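# Report on the structure
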Amino acid sequence: MKKEYVMGNGAIALGAMVAGVSVVAGYPGTPSSEIIETIAKYNNGDIHLEWSINEKAAMEVAATAAYTGARTMVTMKQVGLNVASDPLMSLAYVGVKGGMVVVSADDPGPISSQTEQDTRLFGSFCKIPVFDPSTPEEAFQMIQDAFDYSEKYKTPVLFRPTTRVCHGYASIEVADSFETKKHDDFEKDSSKWVIFPRLSFANHAMIEKRNPQIGADFSNYKYNSVRGNGKKAVFAGGISYAYAMEYLKDKDDVKVCKIGTPFPFPEDFALKALEGVEEVLCFEELHPFIEEELLKLAGKHHLNIKIRGKHTGDVALSGENSSESAREVIGSFLGLPDSCEQIDLSDLPKLPVRPPVLCAGCPHRASFYAVKEAMKGKKAIFCGDIGCYTLGNAMPLDMVDTCLCMGAGITMAQGFNWTHDDCTSFAFVGDSTFFASGMTGVANALYNEADMILCVLDNSTTAMTGHQPHPGTGRNMMGDVVDKISIQSVLEGMGVKKIETVDPLEFEKAVSVVKECAEMKGVKVIIFKSPCIAIVKSDKKMTISDKCINCKKCIREIGCPALITVDGQVTIDSSLCTGCGLCSHICPVNAIGGECNE
Amino acid sequence: MNKDILVCGVGGQGTVLASKLIASSAMDNGEVVHSAETIGMAQRGGSVTSHIRIGNEVYSPLIPKGHADMIIAFEPAEAVRNLSYLKKGGIVIVNKQPVKPVTESLQDTGYDGVEMIEYLQKKCECIVVDAKAICEPLGSSKFFNVAILGVAVGSGKLGISKEWMVKQIETRVNAKFVEKNMQAFEAGIALKGDF
């Protein structure tokens, strides 16, 4: 055994490895990505590990592997669960043989997500168990239990950490080696594995009968726990329990109840915990899940208990909880004075804002600027997508008019096509997003005769989530070098007639390609190909000569972090500049030169 | 030992390495350590913080506001941004060089960090470090994060000894850069009492 200081996601990965997981699949998404990356680090080759092309694919790969009795895990962020919900809903009816844990990381805040959805609700919607860890240490233990319960009840289970658990660090005792759990050959039985209405009806009845039994089983589960005594109780789950305990650690005259398995709700446990309690505060993030379960329980058992939480306006309905909100909300519930002494910051000076921006030298900046330059004075709508390039919306580029979800930009550009006759519809998609859910949108455009320009911003990686490989990179998570899938060939195969590949840093050429495509009818694709600057470290730098008239056009046009003013004079920050040379194409007096990449 | 230490700066300044060195120093000496970092979208050119919590009775991964014993800030405005975490009587160790945000180039508000340093000095015990000057003899400002760590250790208020930290630098820093980092660290330590 050795002690490892790991991120919560690392703890989840190591816990799954201790449990003998043998197939792991997922799609990158903050805050879940490091689970698969940790397994890659410790994998000796016994575990089949993959970044699937999207969450739906991951779910299906893991499902059949679990049909054989193998233990399998799927990882994603919460919005990824929407993509994987089709197979998951049906899989909940069919069930599994080996333990199958679906990790869906929620992101209260949201800190880096489109929604504040609650995976616990997905659990009750699919009618499958949900595990909700409150610390990295607990996540390590709990995911091992999740595999056991999954196998015991032959159902996939959801495991939902939140950002602060995923990204918190703690020490874990880890074995020196891991063994995958043995599995059998797949036993063919179409009455079991082929979903038909008859099977669904029978299994639905089975699930409704089974879930209260799981709830009863969970009532004795160690991570549903009570500490303290009194007529008041705080119910909390996940990271909110940690915040509550931070405030209540020295107070014994209030019950603190942790709900580690919110679904099926451990009713017997809760009823026992509520004995002698007159008032309850539910402290949780996202949906008032525990609160509604307690309201149901109180109704069913005619309990004379006041239940407070989000429905009573005591706890915020949106955003993250924190130690501070715990102190405030729980303090007021208990009628305690606010005891925290803080430095008076009422006269805080105005702080500089630091919005996230595209890196200096990011090729996406050049791609966006080429399109902007080519379409100057013409009517155009720009549909963005999910990735680093969503940041193309920031001033001064201002090149993202819409962004909804993975792959949506391509189909959304088509919608504008049917409402605007006089306007060119653009879609921007990254290479990883193209493979994840962009290809179907292209087929839709071709089949329905849309006029649009698709710009594939191909930087040969999944940059935003930490540079994961994908089908276009020629590497996979087993460490193998594989044939790259060519985006160009995919598009040709579908029948796109106009496909241009251009390096966005060859600026004049890029602009003329965009202009040419804008004159044509039908589906046109421009592949802007240039590697992510965070991967190909560049030593090249641009310099500004004394020809500079300090007009600041370079700064105003592209907003590169390396273009700064020092004592009012435009300067290139050589610690940030990568020599991409985009600024040199903007300078009206050719004052910017140097060793550029071209 | 019970200690809450917040390390903050701007993406790319090396807050993650600094916090890892502090966490591992404490851990190697038998302390229970938890930490949390802001990563993801916020990291690109944005404010970055790392919360390090040393001690047994820790629940929240983030330091509760008003509880940090020390803030180690690589940038003046970031120190002020996180000042609500500092407890009364806590100490701030801050680098005086500002990092201008991109928005600053587009719309010049004249941010130069001076007002921030003055505010810090008014509000709490504060060690202002000229990391650029410390690193000048080393020929590179790249290691300024470790120099500031040296100042923090030298202040005697971090609760981590020089020997513990040296061991971490020797084992956890990329071998190519150990020597430079050690020099930066020593230069930071050498400032002891010279504020």
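First things first, this report covers the structure right here in the doc.

Criteria and cut-off values
- Residues numbered from 1 in each chain as written.
- Chains lettered and ligands numbered in written order.
- Predicted model: local features only at pLDDT ≥ 70, side-chain atom pairs only at ≥ 80, totals over all residues.
- Heavy atoms only, no water.
- Salt bridge = Lys/Arg side-chain N within 4 Å of Asp/Glu carboxyl O.
- Helix = DSSP H or I, 4+ residues; strand = E, 2+ residues; numbered from the N terminus.
- Contact = heavy atoms within 4.5 Å.
- Buried area = accessible area lost by both parts, 1.4 Å probe.
- Polar contact = N/O pair within 3.5 Å; in protein donor to acceptor, adjacent residues only side chain to side chain.
- Phe/Tyr/Trp six-rings, centres within 6.5 Å; stacked < 30°, edge-to-face > 60°.
- Buried < 20%, exposed > 50% of the residue type's maximum accessible area, 1.4 Å probe, protein only.
- Pairing = 2+ DSSP bridges.
- Axes fitted to C-alpha atoms, helices over the stretch in contact; angles between N-to-C directions.
- Parallel < 35°, antiparallel > 145°, perpendicular 65-115°, else oblique.
- Left-handed = near helix turned anticlockwise from the far one by under 90°.
- Nonpolar A, V, L, I, M, F, W, Y, C, P; charged D, E, K, R; others polar.

## Notes on the pattern of salt bridges
All names here are of chain A. If you walk through the whole model with that rule in mind, you get 42 salt bridges over all chains. Among the ionic pairs, Arg71 bridges to Glu151, the shortest N-O distance being 2.9 Å. Here Arg71 is found in the loop between helix H3 (55–67) and strand E4 (72–77), whereas its partner Glu151 is found in helix H7 (residues 136–153), with 80 residues between them in sequence.

## Focus on the interface of chain B and chain A
Counting from both sides, the interface comprises 52 residues of chain B and, opposite them, 53 residues of chain A. Surface buried jointly by chain B and chain A totals about 4600 Å² across both partners, of which 61% is contributed by carbon and sulfur atoms. Linking chain B to chain A there are six salt bridges. Linking chain B to chain A there are 17 residue pairs in polar contact (both at pLDDT 80 or more). Elements with a minimum of two residues in the side of chain B that touches chain A: helix H1 (15–28), strand E2 (33–37), strand E3 (47–54), helix H2 (76–81), strand E5 (86–95), helix H3 (102–106) and helix H4 (114–123) of chain B.

## Structural notes on the packing of aromatic side chains
Any pair of aromatic rings gets described here by the distance separating the centres and the angle formed by the planes. All names here are of chain A. Scanning the entire structure with this criterion turns up 21 aromatic pairs over all chains. Consider the rings of Tyr149 and Tyr221, whose centres lie 5.5 Å apart with planes at 85 degrees: the pair is edge-to-face. One end of the pair, Tyr149, is in helix H7; the other, Tyr221, is in the loop between helix H10 (197–218) and strand E9 (225–227), with 72 residues separating them in the sequence. Just as Tyr149 is buried, Tyr221 falls in that class too. Consider the rings of Phe368 and Phe428, whose centres lie 4.7 Å apart with planes at 50 degrees: the pair is tilted. One end of the pair, Phe368, is in helix H15 (residues 363–374); the other, Phe428, is in strand E15 (residues 424–430), with 60 residues separating them in the sequence.

## Focus: the side chain of Arg164 of chain A
Residue position: Arg164 of chain A is located in helix H8 (residues 163–166). Among the polar contacts listed, one links the side chain of Arg164 of chain A to the side chain of Glu320 of chain A, at a separation of 2.8 Å. If near-sequence neighbours (up to four positions away) are discounted, Arg164 of chain A is found in contact with Ile111, Ile239, Tyr243 and Glu320 of chain A together with Pro61 and Leu62 of chain B.

## Comments concerning the sheet that holds E4 of chain A
All names here are of chain A. Pairing in this open sheet of six strands is parallel, and the strands run E3-E2-E4-E5-E7-E6 from one edge to the other. With one partner strand each, in any of the chains shown, strand E3 (48–51) and strand E6 (130–131) form the two edges of the open sheet. Relative to E4, strand E2 (residues 23–26) is paired through four bridges, and the arrangement is parallel. Across the sheet, Ala25 pairs through a bridge with Val74, a residue of E4. In the packing of H3 onto the sheet, the strands contacted are E2, E3, E4 and strand E5 (100–105), and the crossing angle to E4 comes to about 165 degrees.

## Considerations on the pairing of strand E1 (residues 3–10) of chain B
Residues and elements named next belong to chain B. Burial analysis of E1 places eight of its eight residues in the buried class, which makes it a mostly covered element. Judged from the eight bridges that link them, E1 and E3 form a sheet pairing that is antiparallel. Bridge pairing links Ile5 to Ile52 in E3. Bridge analysis of E1 against strand E4 (residues 68–73) gives four bridges, and the strand direction is parallel. Paired with Ile5 across the bridge in E4 is Met70.

## Describing the packing of helix H7 (residues 162–172) of chain B against helix H8 (residues 178–190) of chain B
Residue and element names in this part refer to chain B. Look at H7 against H8: their axes get within 10 Å of each other, and the N-to-C directions meet at 160 degrees. In terms of orientation, H7 lies roughly antiparallel with respect to H8. Note on packing geometry: the crossing formed by H7 with H8 is right-handed. The residues of H8 that touch H7, namely those facing Lys162, Met165, Val166, Ile169 and Glu170, are Val178, Asn181, Met182, Phe185, Glu186 and Ile189. Each residue belonging to the contact of H7 with H8 can be placed in one class, and the counts come to seven nonpolar, one polar and three charged.

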